[in-house]
Amino acid sequence: MDLSCNDVRNLLEPGGSALPLSDERAEQVAEHLDRCPDCDQRLSRRVAGALAALPVGAGPSLPAVRDLIRREQRRSTLLRLVGLAAAGLALAGTGWTLLRVPPGGSAASKDRVAPPIDTVIPEPPKLAELPELERNIIRSEGVVALYLQFCLTCINNPTDQDKQEFLTRALLIFREVRGRIRSEFEKSAPAPTTEAVTLNALNDAIRILSTSKLASVNFLPSKITGFKFPTPDSMQVDHILGNKTWRLTIPTLPPHLNFAYLKTALGANDALMARIEESLWTSVYVRLPARLEDKDPTVGPRSLEAVLPLLSPRQQAVYRKLVGTP
Amino acid sequence: MTLLGSGHDEPLGVLMSRHGDELVRFFLLRSRDPHAAQDLANETFFRIFSKARTFEPKKPFRPWFYTVALNVWRAWQRRRKPPEVPLQVLPEAAEEEQAAASTSAEEQAKRLLERLSDVDREILVLRHYEGLQLKEIAKRLGLSPGAVYTRLFRALEKLREAGPNDESV
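Residues numbered from 1 in each chain as written. Chains lettered and ligands numbered in written order. Predicted model: local features only at pLDDT ≥ 70, side-chain atom pairs only at ≥ 80, totals over all residues. Heavy atoms only, no water.

Draft legend 1. Representation of the packing of helix H10 (residues 259-266) of chain A against helix H14 (residues 313-323) of chain A within the structure. All names here are of chain A. Between H10 and H14, the shortest axis-to-axis distance is 10 Å and the interhelical angle comes to 130 degrees. By the angle class used here, H10 and H14 are oblique. As H10 packs across H14, the resulting crossing turns out to be right-handed. Along its contact with H10, which presents Tyr 261, Leu 262, Ala 265 and Leu 266, the element H14 presents Gln 315, Val 318, Tyr 319 and Leu 322. In the contact of H10 with H14, the residues fall into 7 nonpolar, 1 polar and no charged. (Axes fitted to C-alpha atoms, helices over the stretch in contact; angles between N-to-C directions. Helix = DSSP H or I, 4+ residues; strand = E, 2+ residues; numbered from the N terminus. Parallel < 35°, antiparallel > 145°, perpendicular 65-115°, else oblique. Left-handed = near helix turned anticlockwise from the far one by under 90°. Contact = heavy atoms within 4.5 Å. Nonpolar A, V, L, I, M, F, W, Y, C, P; charged D, E, K, R; others polar.)

And the structure:
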C-alpha cells in the first residue's frame, strides 16, 4: 500500500508512536521520503531540531583561533628567515669560492686554461668491482626501497594527504631497516646470503609499516615468504596479501637510483645523501616499480631534475654518467 | 570570506556565531568528546582562515565548510593514539557516580551521545551535515533504506527523550 504525505508526516511527529515499524513499512516510508521533497524537508527539520537540542558547552573560541593563526604566522616567518639565511650563506660561499686566490696561485696560473671537467671525472665504479660486503648491502637496500614503494600502490588508492604521509613514514622505515641490513651483513658469521638478509629486511619493513596504518593505505602484505634475484637485473618477492600468496617479479633499481651505490659513486656525505634520498623518494620513486617495468623513459630525466641541483659540478658530471646522459 | 582571504580575521567572529555551535555538534557526534569537539572546531576555523582563498564565492559555503571540518577530523583521527592510562589513576566507582551526577553541558552532551550507537551517530552526520538522502546513506553504510529510517527515527527519539524538548517539525 502506498503511503500518503499525511501518513508519513504523522509518522515523523515527535513522540515515537510510529515505532516499531515493520521492515516493509519502514522501507515504504524511506522510499516516500526519498521521492517527496516536502516530506524530506520535514525530516531534515526534525533532525536539525533534535541536534539543536544537543547541548554545546564551550563553543569555538576566537582568542584560541587567533592564537593558532599567530603561531602559524610565527612559524612561517621563522621558516622564511631560515630560508633567507641559507640563501645568504650559499651566496657568500659561492662568492668566496669565486674570489679567493688559489693557494700558490700566480699570474701565470691565472692564464692557464682549466681542464674541462669531464677530463678529470673518474668513471663511476662498477657494481661488480666493489667489495663483496658493499655490493651485498647495495643490492639488499635497493630491494627494500623499491618494495616499500610497491606497498603504496598495491591495490591501494591513497588520498594525496595519505600518500604524502606514507612516503614520509616509508622513508623513515627504510632508513631504520637499512641499519639492520648492514649490521646483519657485518655481524653474522658465516656470511649470510644477500637473499636471506633481504628477506628478513623486507619482513621487518612491512611489520613496522603495519603498526601505523593509514585510512586509505590499508592493503599491505602481511608477510614475505620468499625472496630471490632470478636474474642479475630482476627481483622476485613472494608475499601474502589478503589470504593469498602472490609473486611479484620486477626489475631491480638502476644504479643511479640506488642510495647505497650513489653514496659511494658520488662520494657524498650523510647530509647530502639525506637530501638526495628525500628528493628522489618523493618524486621519481613514486610508482617506481611500475615505471621500471614499463621502461618509462622519463625516469632518467626526472632523476637528473631531482638530483643535479643538490650536487657539486664534479658530482653532477658523475651522476650524468650514471644516468647515461652526456 | 573575501575579507578572510585577504588576511583579516575579524569576520571569523561572525562565522563562529553563525556556524560555531553546529560545528561543535558535528565533532561531538563524531568524537563523543566535548573537549576534543571544541579543539577541533577551533582548528577548523583556523583552517578556514588559512584556506579562505581557495573558497569559490559562486559555490555554496556549507559543503566547503564541512569538507574542511571533515579533513580536520580525519587528520585528528590519524594523529590520535590509543590512550594509555596507568592502572592507579583509573577512577574509583564512587568517582564515576559523582561524574555521572555532573550537570554541566558537556556531561549532558556526553550522556546523550552515549545513548546512540556509532551507526546512529554516523546516520545523523550523513543526513544533517552531508545532506544525504536515506537511500544514499543506506548505500554508504550497507543497510536497507528502511533500516536507516528506523535507526534515524529511534536516534531522534532518544535525543528528544533525553534532552530539552524544543524541537518541532
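Draft legend 2. A look at the pairing of strand S1 (residues 223-231) of chain A. Residue and element names in this part refer to chain A. Bridge analysis of S1 against strand S2 (residues 234-241) gives 6 bridges, and the strand direction is antiparallel. Pairing of Ile 224 across the sheet is with His 239, part of S2. Here S1 folds back onto S2 in antiparallel fashion, the turn holding 2 residues. (Pairing = 2+ DSSP bridges.)

Draft legend 3. How the structure looks around the pattern of salt bridges. Scanning all chains against the criterion turns up 27 salt bridges over all chains. Between Glu 130 of chain B and Arg 140 of chain B there is a salt bridge, with the nearest N and O atoms lying 3.2 Å from each other. A residue pair is termed long-range when its members are at least 10 positions apart, and Glu 130 of chain B in the loop between helix H7 (118-128) and helix H8 (134-141) and Arg 140 of chain B in helix H8 qualify at 10 residues. For Glu 130 of chain B, a relative accessible area of 30% translates into the label partly exposed. Taking relative accessible area as the criterion, Arg 140 of chain B reaches 49% and is therefore assigned partly exposed. Linked through salt bridges whose partners overlap, the residues forming this network are Arg 175, Arg 178, Glu 277 and Glu 278 of chain A. (Salt bridge = Lys/Arg side-chain N within 4 Å of Asp/Glu carboxyl O. Buried < 20%, exposed > 50% of the residue type's maximum accessible area, 1.4 Å probe, protein only.)

Draft legend 4. Region of interest: the packing of aromatic side chains. All names here are of chain A. Enumeration according to the criterion identifies 19 aromatic pairs over all chains in this entry. Between Tyr 147 and Phe 150, the ring centres sit 5.6 Å apart and the planes meet at 35 degrees, which makes this aromatic pair tilted. One end of the pair is Tyr 147 and the other is Phe 150, both in helix H7 (residues 132-153) and 3 residues apart, which spans about a single turn. With respect to class, Tyr 147 is no different from Phe 150; both count as buried. We note Arg 139 situated over the ring of Phe 229; from NZ or CZ to the ring centre the distance is 3.9 Å. (Phe/Tyr/Trp six-rings, centres within 6.5 Å; stacked < 30°, edge-to-face > 60°. Lys NZ or Arg CZ within 6 Å of the ring centre and 35° of its normal.)

Draft legend 5. Representation of the sheet that holds S2 of chain A. All names here are of chain A. With antiparallel pairing, 3 strands are arranged side by side in an open sheet as S1-S2-S3. Two strands close off the open sheet at either side, each with one partner strand: S1 and strand S3 (244-251). Ignoring strand direction, the axes of neighbouring strands in this sheet form an average angle of 20 degrees. Bridge analysis of S2 against S3 gives 8 bridges, and the strand direction is antiparallel. The partner of Ile 240 across the bridge, within S3, is Thr 245.

Draft legend 6. Highlighting the environment of Leu 280 of chain A. All names here are of chain A. Structurally, Leu 280 can be placed in helix H11 (residues 270-281). Along the sequence, Leu 280 and Leu 304 sit 24 residues apart, while their C-alpha atoms lie 9.6 Å from each other. Apart from the residues lying within four places of it in its own chain, the contact partners of Leu 280 are His 256, Leu 257, Phe 259, Leu 262, Tyr 285, Ser 303, Ala 306, Val 307 and Tyr 319.

Draft legend 7. Focus on the nonpolar core. Core analysis: the biggest nonpolar cluster contains 69 residues, and Leu 280, Trp 281 and Tyr 319 of chain A have the highest contact counts within it. Looking at which element gives the most residues to this core, the answer is H7 of chain A, with 11 residues. In this structure, Ile 69 of chain A together with Leu 124, Val 125 and Ala 155 of chain B belong to the second largest nonpolar core, which totals 67 residues. (Core = buried A, V, L, I, M, F, W, Y, C linked by side-chain atoms within 4.5 Å.)

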